[in-house]
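Take a look at the letters that make up each chain.
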Amino acid sequence: MAMTVTEKILAAHLVEGRLEKGTEVGIRIDQTLTQDATGTMAYLEFEATGLSRVRTELSVCYVDHNLVQSDFRNADDHRFLQSVARRYGLYFSPPGNGISHQIHLERFGRPGKTLLGSDSHTPTGGGLGMLAIGAGGLDVAMAMAGRPFYLVMPKVYGVRLTGRLPAWVSARDVLLELLRRLSVKGGVGYIMEYFGPGVKELSVTDRAAITNFGAELGATTSVFPSDGNTKKFLESQGRGDQWVELVADADAVYDEVIEIDMSGLEPLIACPSSPDNVVRVREVAGRPVSQVLVGSCSNSSLRDLLLVAKVLEKETVHPDVSFEINPGSRQVLENLTAQGDMLSLIRAGARVHQAGCLGCIGMGQAPATNTISLRTFPRNFPGRSGTKDDQVYLCSPEVAVASAITGRITDPRDLAEYPRIVLPERYLPGDQRIEPPRPAGEAVAIVRGPNIAPFPEMDALPETWRGSVLLKVGDNITTDHIMPAGAKILPLRSNIPAISEYVFNAVDPDLVARAGKARQQYDGGMVVGGENYGQGSSREHAALAPRYLGIRVKLVKSFARIHKANLINFGILPLTFVEPADYDTIRQGEEVEISGLRAALVAGAETITVAIAGRTVRARLEVSARHREILLDGSLLNWAAMAADAGR
Ligand code: MIC
Ligand code: SF4
């Protein structure tokens, strides 16, 4: 049978189920990655398995998010993570080394392999022809323990690329165009697979910019074939021996196909405050900007920073603009410096930061009030920058640098000449700070600071659950709304009782108090939502912290994939409306009762009756048999412990 790249990788890794769309499959995971903000919890969960070493081919523990050390907490977590990596046989990448996705692409990713990462932008690895999927920390902990990763077999969305990118238009615009056409929920339930004659026009880092940003389509992941360009990239990284060819069969069938003629693209920009709010740069050109940030895991490869440096060789940054560079990795920094291009950036007035996520997750770099911030980042969800009512636009490095020069949103085609970019035949590896795994059996003590709180206990599902509607929200609620990030809250990621105080903080600061009351009066609370609920990041804290507050049911129009999986992992019932119109009838504060719950789950019921203030609302429970067991036991960890006791 003719196969897509997606099907080839899935078939080679299938350990449970059959490759039938819509059914649950279990796949073997070759590699894992974690970053610090999700990693502390993932390793506490891994510790709970009692294993002495990871069971993957390769696992890497990166520190890239919580870099601002305004007190002991982040620094303590960094040391905890280093000791965990040493103890359990992982590679460790310390703070300042760069963003997990960029480094993984450079030093570890391999075509044809599977990668599971506790970060939603893990699909960056798809640029190398690997199946790289983002997941909650607990799923990654299970993969490190050698267990399969389960997912509903996605459909494959073929993106046929033709033509080649014109000057001043780059890979970023390809994905902005897809977001414009498909929206932030257009990829839900799909893996985006790129094919067609245009693929060969894109380098691996261009492809990675696309697969990375593809997370914003809501897709399970995105993947490119592994071809001659992939070989060239791996050779430039001194890893040519790791190349394998992997292309779709000529008559492979895609569930959907969309075509993009790259020659016809022009510079695009996502306006505040959603990545799919895309218009042509020309339509918003002239608006004054106060801040321009180039970097993040989306656009901080050597190619992107070289482009910016070359444009700035004979230019300076506008006096009203704070122009900042967040390099993707130490490798990028080293090569840029060795080629002499760092000087152009510094002379032109750029603020060059250490390699890491920084302002992309509100770890500093908050923009000034009522001003426009232009970023090459993947997300501009409201308030994520750290400034209330922010106006964050997402664009390519080309648009960013042009606007930094003029002080206004600028179509880069209005600049004089498109610079020539030459990438090294052989990169300086920049990996001298990456610690390889320690030999098995070496005694390593885990360093645990006072910020690390024990993992909360979770009770099994009751037969009858009573609660109240704590909150009703609309469509496209992000995990940034549910569990905000930023420099103040991120240091609490390893302390669930403390971080749970901030659940839905910017949406409704009284929610936590109401949840407390609902716990006294009933069993807890329910949240009601619209379409694509829980889009965005993989942070399991957006499930774990609400669960800690007693939120046991979420009833929405539809869920984003990773968040739904996280809800199940922490025993929160993910229900969807059978009749979406029922959404309109529900009011905050109403009483909820679900009876016969355990029996319904055991019987495999797909419809659950929810009594809300005496009315009956029918809800769908679309989960696998394994999920039902997890929900009944109260959490994946409870389920795994019971499975171990039962010798399963
Ligand atoms: C993000 O870009 O939203 C993050 C911060 O990288 C998250 C992970 C987290 O919340 O720690 C993600 O993308 O999964
Ligand atoms: Fe870091 Fe931003 Fe990438 Fe998330 S999207 S991994 S915060 S750079």
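As a reminder, the structure under discussion sits directly above these lines.
Along each chain, residues carry numbers from 1 onward, in the same order as the chain's sequence is written. As a convention, the first chain written is A and the first ligand written is 1, with the rest following in written order. Where local features are concerned, this predicted model is filtered to residues with pLDDT of at least 70; where side-chain atom pairs are given and counted, the filter is 80 or more; whole-chain, interface and lining totals use all residues. For side-chain calculations, the full set of non-hydrogen atoms in the structure is used, while hydrogens and water are omitted.

K.L.:
Explain the overall build of the chain residue by residue, including any values.
P.N.:
Looking only at helices and strands, the chain has 23 helices and 26 strands in total. Two things to know: the radius of gyration comes from C-alpha atoms, and the globule rule equals 2.2 Å times the number of residues to the power 0.38. Computed over its C-alpha atoms, the radius of gyration of the chain comes to 24 Å, within 12% of the 26 Å expected for a compact globule of 648 residues. Each principal axis of the C-alpha atoms in the chain carries an extent, and together these give about 70 × 55 × 55 Å. A 1.4 Å probe rolled over the protein chains alone gives each residue an accessible area, and that area as a share of the maximum for its type sets the label: buried under 20%, exposed over 50%, partly exposed in between. The buried share of the chain, taken over its 648 residues, is 62%. A total of about 22,500 Å² of accessible surface is found on the chain, and carbon and sulfur atoms cover 48% of it. Runs of H or I in DSSP of at least four residues are treated as helices and runs of E of at least two as strands, each being numbered from the N terminus. Every accessible area reported is derived by Shrake-Rupley at a probe size of 1.4 Å, with residue values counting cover from the shown protein chains alone.

K.L.:
Describe the site of ligand 1, listing the residues and the values that go with them.
P.N.:
Surveying the vicinity of ligand 1 reveals 14 residues, the closest of which are D119, S120, R384, S538 and R539. Within 3.5 Å is the distance limit for a polar contact, defined as a pair of N or O atoms, with the added protein rule that one can donate a hydrogen and the other accept it, and that residues adjacent in sequence qualify only through two side-chain atoms. The contact in question runs from an oxygen atom of ligand 1 to an N or O atom on the side chain of Q35, over 3.0 Å. Each residue is assigned to one class: nonpolar for Ala, Val, Leu, Ile, Met, Phe, Trp, Tyr, Cys and Pro, charged for Asp, Glu, Lys and Arg, and polar for all the others, Gly among them. Among the residues forming the shell around ligand 1, the class breakdown is 2 nonpolar, 7 polar and 5 charged. Being near a molecule or strand, for a residue, means having at least one of its heavy atoms within 4 Å of it.

K.L.:
Lay out the nonpolar core in plain terms, naming residues and giving numbers.
P.N.:
F504, L575 and I594 are the most contacted members of the largest nonpolar core, which totals 106 residues. Here this core takes 6 residues from helix α5 (residues 137-144), the largest share from any one element. Here a residue-residue contact requires only that any non-hydrogen atoms of the pair lie within 4.5 Å. Apart from residues lying up to four places away in sequence, F504 is in contact with L471, V473, I477, H481, I482, P484, P509, L511, V527 and Y533. Within the second largest apolar cluster, 40 residues are counted, among which are V279, M342, I405 and I409. Nonpolar cores were defined as sets of buried Ala, Val, Leu, Ile, Met, Phe, Trp, Tyr and Cys residues, with membership established by side-chain atoms within 4.5 Å.

K.L.:
A description of the site of ligand 2 should follow, citing residues and the corresponding values.
P.N.:
In the vicinity of ligand 2, the contacting residues are H65, I99, H101, D119, H121, S296, C297, C357, C360, I361, P378 and R384. The residue makeup of the shell around ligand 2, split by class, is 6 nonpolar, 4 polar and 2 charged.

K.L.:
How would you sum up the pattern of salt bridges? Please name residues and give values.
P.N.:
Here, a salt bridge means any Lys or Arg side-chain nitrogen found within 4 Å of an Asp or Glu carboxyl oxygen. In total, this model carries 40 salt bridges according to the counting rule given. A salt bridge links R547 to D459, with the nearest nitrogen and oxygen atoms 2.6 Å apart. Of this pair, R547 sits in helix α18 (residues 541-548) while D459 is found in the loop between α13 (397-406) and β20 (465-472), placing the two residues 88 residues apart along the sequence. On the basis of relative accessibility, which here comes to 8%, the residue R547 falls in the buried class.

K.L.:
Let's hear about the environment of F224: which residues, and what values?
P.N.:
Assignment of secondary structure puts F224 in the loop between β11 (221-223) and α8 (228-236). Classification of F224 by relative accessible area gives buried; the value is 0%. Spatially, the C-alpha atom of F224 lies 7.9 Å from that of V199, the residues being 25 residues apart in sequence. What F224 contacts, discounting residues up to four positions off in sequence, is V5, G126, G127, G129, L161, Y194, V199, L202, R207, I210 and T211.

K.L.:
Describe the pairing of β20, naming the residues involved and giving the relevant values.
P.N.:
Of all the 8 residues making up β20, 6 are buried; the element is thus mostly covered by neighbouring parts of the structure. Relative to strand β24 (residues 591-594), β20 runs antiparallel, the two sharing 4 bridges. From the neighbouring strand, W465 faces β24, where its bridge partner is I594. Here, any two strands with at least 2 DSSP bridges between them count as paired. Alignment of β20 against strand β21 (residues 524-528), held across 5 bridges, turns out to be parallel. Within β21, the residue paired with K472 across the bridge is V528.

K.L.:
A description of the environment of A42 should follow, citing residues and the corresponding values.
P.N.:
The residue A42 is located in helix α2 (residues 36-48) in this model. For A42, a relative accessible area of 0% corresponds to the buried category. Once the C-alpha coordinates of A42 and G596 are considered, the two residues, 554 residues apart in sequence, prove to be 33 Å apart. Leaving out residues up to four positions away in the same chain, A42 has contacts with T34, G137, A141 and E540.

K.L.:
Break down the packing of aromatic side chains for me, with residues and values.
P.N.:
Only rings of Phe, Tyr and Trp enter the pairing, Trp through its six-membered ring, and a pair is recorded when the two centres are within 6.5 Å. The plane angle decides the type: under 30 degrees is stacked, over 60 is edge-to-face, the rest tilted. Going through the model one piece at a time under the given rule, you end up with 10 aromatic pairs. A ring pair is formed by F46 and Y88, whose centres lie 5.0 Å apart and whose planes are at 80°; its orientation type is edge-to-face. Of the two residues, F46 sits in helix α2 while Y88 sits in helix α3 (residues 72-88), which places them 42 residues apart along the sequence. The burial state of F46 is the same as that of Y88; both residues are buried. Ring-over charges, as used throughout, are those where CZ of Arg or NZ of Lys falls within 6 Å of the ring centre and within 35 degrees of the ring normal. Over the ring of Y583 we find K557, and its NZ or CZ is 4.4 Å from the ring centre. Directly above the aromatic system of Y150 lies the positively charged group of R626, at a separation of 3.7 Å from the ring centroid.

K.L.:
Give a detailed account of the sheet that holds strand β8 (residues 149-152), specifying residues and quantitative values.
P.N.:
Judged by pairing direction, the sheet is antiparallel, and its 3 strands sit side by side in the order β1-β2-β8 without closing on themselves. The outermost strands of the open sheet, each flanked by one partner alone, are β1 (14-16) and β8. With strand direction ignored, the average angle separating the axes of adjacent strands in the sheet is 45°. Note: strand β2 (residues 24-27) against β8, 4 bridges, orientation antiparallel. Residue pairing in the sheet places V25 in a bridge with L151 of β8. Lines fitted to C-alpha atoms define the axes, with helix axes restricted to the stretch in contact, and inter-axis angles between N-to-C directions lie between 0 and 180 degrees.

K.L.:
Any details on the sheet that holds strand β3 (residues 31-34)? Residues and values, ideally.
P.N.:
Taken together, the 5 strands give an open sheet; going across it, the order is β5-β4-β3-β6-β7, and neighbouring strands pair in parallel fashion. Lying at the two open borders of the sheet, with one neighbouring strand each, are β5 (91-93) and β7 (131-134). Averaged over neighbouring strand pairs, the angle between their axes works out to 15° when direction is ignored. Where strand β4 (residues 58-62) meets β5, 3 bridges bridge the pair, whose relative direction is parallel. Pairing of Y62 across the sheet is with S93, part of β5. Docked against the sheet, α5 engages β3, β4 and β6 (114-117), running at close to 140° with respect to β3.

K.L.:
Describe in detail helix α10 (residues 302-311), supporting the description with residues and values.
P.N.:
Within α10, 9 of the 10 residues are buried, which leaves it mostly tucked inside the rest of the structure. Taken as a whole, α10 has its buried residues at L302, R303, D304, L305, L306, L307, V308, A309 and V311. Those residues of α10 that are buried lie in contact with α7 (204-213), β15 (291-295), β16 (322-326), α11 (330-338), α12 (342-348) and α13.

K.L.:
Give me the lowdown on the state of the cysteines, citing residues and values where you can.
P.N.:
Put simply, a disulfide is two cysteine sulfurs that come within 2.5 Å. Evaluation of the coordinates by the stated rule reveals 0 disulfides. The thiol sulfur of C61 is not disulfide-bonded, and the nearest other cysteine sulfur, from C357, lies at 14 Å.

K.L.:
I'd like a description of the side chain of S385, backed by residues and values.
P.N.:
Here S385 is to be found in the loop between β18 (372-375) and β19 (391-394). In terms of polar contacts, S385 uses its side chain to reach the side chain of D390, at 2.6 Å. Excluding its chain neighbours within four sequence positions, the residues that come into contact with S385 are G362, G364, A366, P367, R375, D390 and V392.

K.L.:
Just give me the short version of the side chain of N569, but keep the residues and values in it.
P.N.:
Structurally, N569 is set in helix α19 (residues 561-569). A relative accessible area of 4% means that N569 is categorised as buried. Separated by 3.2 Å, the side chains of N569 and D139 make a polar contact. Not counting residues up to four positions away in its chain, the partners in contact with N569 are L138, D139, I630, S635 and L636.

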